[in-house]
Amino acid sequence: MELCSEEAVKRVWQGAIPLQIHLHESEVTSLPPPPPVLVLGPRIGYLPLLVPLIKAHFSSSLPPGNDTIWFDYRGLPLKWYIPTGVLFDLLCAEPERPWNLTVHFRGHAGEILAPCEGEDSVERSYINSLKEAAYIINGNCKNVMNMSQADRVDLWQSLLRGNMDGYLNISSKLKLGPVRDDCLMRTSSSLAQHQQANAEPESVGSGRQCRIPVRLYVRSAGESLDDLEDAPTVDSWERVSYINRPYEFRKDEGNYITLKHAMKCLLPEIFGDESLFGDYDSMIRKEPKDSISEDSEIINASKSSQAEEISSRKQSEVHSPKKAKVKLIRVQGIELDMNIPFFWVVNNLKNPEYFLHICVFVGLSSEPKSR
């Protein structure tokens, strides 16, 4: 299996979710009520970046006042700094197309959501995540901190426009990958040709083990779940365990490290017992779900207000008196074969801020009583 697949990465960048966005009924000031707006939300994008288009559609129906824009899905306020594709994968166990969301321009859910001040807030959140990823991979984020203003602007604009080639040309200067099949870092591959112009005598990370930035989202899919359509609705973020847990590649006796092996290391509290996978492998659908500084400064950057607001549960909270059984693992809308090499998943399915986002659905069943 090749290190990086341009086709796979291109599909990630082109992946989009059809959204049908409704104006909340309490904010409708016109008759008849405005129809919902239909828009494609890029998987690697963020909901607030769609606001200019959405506001233009609903502008004639809005009440007077200052905008405090936020979205909800079935009453759950949506975390605006989580990529749109991750929100969809996490909250729609059985994908809903179009995805019906509600937009609010008033009455911000301040007790749940950090305020978003438009594109600037999203850009700051993205750069903070990029710094955090660089710190995990290299032990510092100097390359991100030392980016020229022109490169930073071009990097963000490339992401906004979905310009993959432009993004890779600039991000290659950060020396954050890709990961080699022998679990070390290198800069040579067909996809990484953009890096040649900026190559140094020795690629960053060569000759040492590497750490991968991973964000895990674990939610319960209910008890005795046979059909994903029957999965309970997530009505509170307290029902989702949000876990930042870097994965460190270590050579395993000459074998490829598979996704299953990586998940057992990342979530030993759930994946430590082989039997907990149940018949997951046989449940996998084969087609994709979608088209698809300084140390103190670094640490402060990684503890952004967004990361603090998502109250990551303590490890003990992942444990349950009931036995967890893996029902679904989804990355970029795809249910992957658990035996796929993990380096391929990392190189091809990570988001532009260099985090690999993994959604895990677990079913809970009562432990049999001992006699």
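What this report covers is the structure whose coordinates are included nearby. Owing to the predicted nature of the structure, the values given are computational and were not obtained by experimental measurement.

### Describing the overall build of the protein
Counting its secondary structure elements, the protein contains 14 helices and 12 strands. A buried classification covers 53% of the 371 residues belonging to the protein.

### Observations concerning the sheet that holds strand S2 (residues 37–42)
With mixed pairing, the 5 strands of this open sheet are ordered in space as S2-S1-S5-S3-S4. Each of the sheet's edge strands pairs with one partner strand only, and the pair in question is S2 and strand S4 (76–77). By the bridge criterion, 5 bridges tie strand S1 (residues 16–23) to strand S5 (residues 99–104) in an arrangement that is parallel. Bridging across to S5, leucine 19 finds its partner in tryptophan 99. Against the sheet, helix H3 (residues 84–91) makes contact with S1, S2, strand S3 (70–73), S4 and S5, and its axis sits at roughly 120° relative to S5, the strand it touches most.

### Overview of helix H1 (residues 6–14)
Inspection of H1 places Ala8, Val9, Val12 and Trp13 among the buried residues, and these make up the whole buried set. Along the long axis of H1, the arc covered by the buried residues comes to 135°, so they all point the same way.

### Here's the deal with the environment of isoleucine 21
Note that isoleucine 21 resides in strand S1. Taking C-alpha positions, isoleucine 21 is 6.5 Å from valine 103, a pair spaced 82 residues apart along the chain. Setting aside anything within four residues of it in sequence, one finds isoleucine 21 in contact with Pro36, Val37, Val39, Ile54, Phe58, Phe71, Leu101 and Val103.

### Some details on the nonpolar core
Residues Trp99, Met263, Phe342 and Ile358 are the most contacted members of the largest nonpolar core, which totals 109 residues. Excluding residues that lie within four positions of it along the chain, phenylalanine 342 makes contacts with Tyr247, Phe249, Ile257, Thr258, Leu259, Ala262 and Leu356.

### Structural notes on the environment of alanine 262
Checked against the element boundaries, alanine 262 lands in helix H8 (residues 259–266). Exposure remark for alanine 262: the relative accessible area of 0% places this residue in the buried category. Once the C-alpha coordinates of alanine 262 and glutamate 248 are considered, the two residues, 14 residues apart in sequence, prove to be 9.0 Å apart. Ignoring any residue separated from it by four or fewer positions in sequence, one finds alanine 262 in contact with Tyr247, Ile257 and Phe342.

### Description of the pairing of S5
In terms of burial, S5 is a largely internal element, 5 of the 6 residues being buried. Examined bridge by bridge, S3 and S5 share 3 bridges and lie antiparallel to one another. Pairing of phenylalanine 71 across the sheet is with valine 103, part of S5.

### So, the packing of aromatic side chains
Applying the stated criterion across every chain, the model contains 7 aromatic pairs. Here tryptophan 13 and tyrosine 167 contribute two aromatic rings whose centre-to-centre distance is 5.2 Å and whose plane-to-plane angle is 55°, an arrangement assigned as tilted. With tryptophan 13 in helix H1 and tyrosine 167 in helix H7 (residues 164–171), this residue pair connects regions lying 154 residues apart in the sequence. One exposure class covers both tryptophan 13 and tyrosine 167, and it is buried. Consider the rings of tyrosine 217 and tyrosine 242, whose centres lie 5.3 Å apart with planes at 80°: the pair is edge-to-face. Of this pair, tyrosine 217 sits in strand S7 (residues 214–220) while tyrosine 242 sits in strand S8 (residues 240–244), and the two are 25 residues apart along the sequence. The same class applies to tyrosine 217 and to tyrosine 242, which are both buried. Among the aromatic residues, ring-to-ring pairing joins Tyr73, Phe88 and Trp99 into one connected group. Note that arginine 215 overlies the ring of phenylalanine 355, its terminal NZ or CZ placed 3.9 Å from the centroid.

### A word on the pattern of salt bridges
A complete count under the given rule lists 12 salt bridges for this structure. Two residues, aspartate 89 and arginine 43, come together in a salt bridge whose shortest N-O distance is 2.6 Å. Highlighted residues: aspartate 89 in helix H3 and arginine 43 in the loop between S2 and helix H2 (51–58), separated in sequence by 46 residues. Look at arginine 43 and you get buried, because its relative accessible area is 2%. Bridged by salt links that share partners, the residues Lys55, Asp67 and Arg106 form one connected network.

### A look at the packing of helix H6 (residues 149–161) against H7
The geometry of H6 relative to H7 is characterised by a closest axis approach of 8 Å and an angle of 150° between their N-to-C directions. It follows that H6 is roughly antiparallel to H7 by the angle criterion. In this structure, the crossing between H6 and H7 has a hand that is left-handed. Contacts between H6 and H7 involve Asp151, Asp154, Leu155, Ser158 and Leu159 from the first element and Gly166, Tyr167, Ile170 and Ser171 from the second.

What counts, and at which threshold
- Residues numbered from 1 in each chain as written.
- Predicted model: local features only at pLDDT ≥ 70, side-chain atom pairs only at ≥ 80, totals over all residues.
- Heavy atoms only, no water.
- Helix = DSSP H or I, 4+ residues; strand = E, 2+ residues; numbered from the N terminus.
- Buried < 20%, exposed > 50% of the residue type's maximum accessible area, 1.4 Å probe, protein only.
- Pairing = 2+ DSSP bridges.
- Contact = heavy atoms within 4.5 Å.
- Axes fitted to C-alpha atoms, helices over the stretch in contact; angles between N-to-C directions.
- Arc of directions from axis to C-beta.
- Core = buried A, V, L, I, M, F, W, Y, C linked by side-chain atoms within 4.5 Å.
- Phe/Tyr/Trp six-rings, centres within 6.5 Å; stacked < 30°, edge-to-face > 60°.
- Lys NZ or Arg CZ within 6 Å of the ring centre and 35° of its normal.
- Salt bridge = Lys/Arg side-chain N within 4 Å of Asp/Glu carboxyl O.
- Parallel < 35°, antiparallel > 145°, perpendicular 65-115°, else oblique.
- Left-handed = near helix turned anticlockwise from the far one by under 90°.

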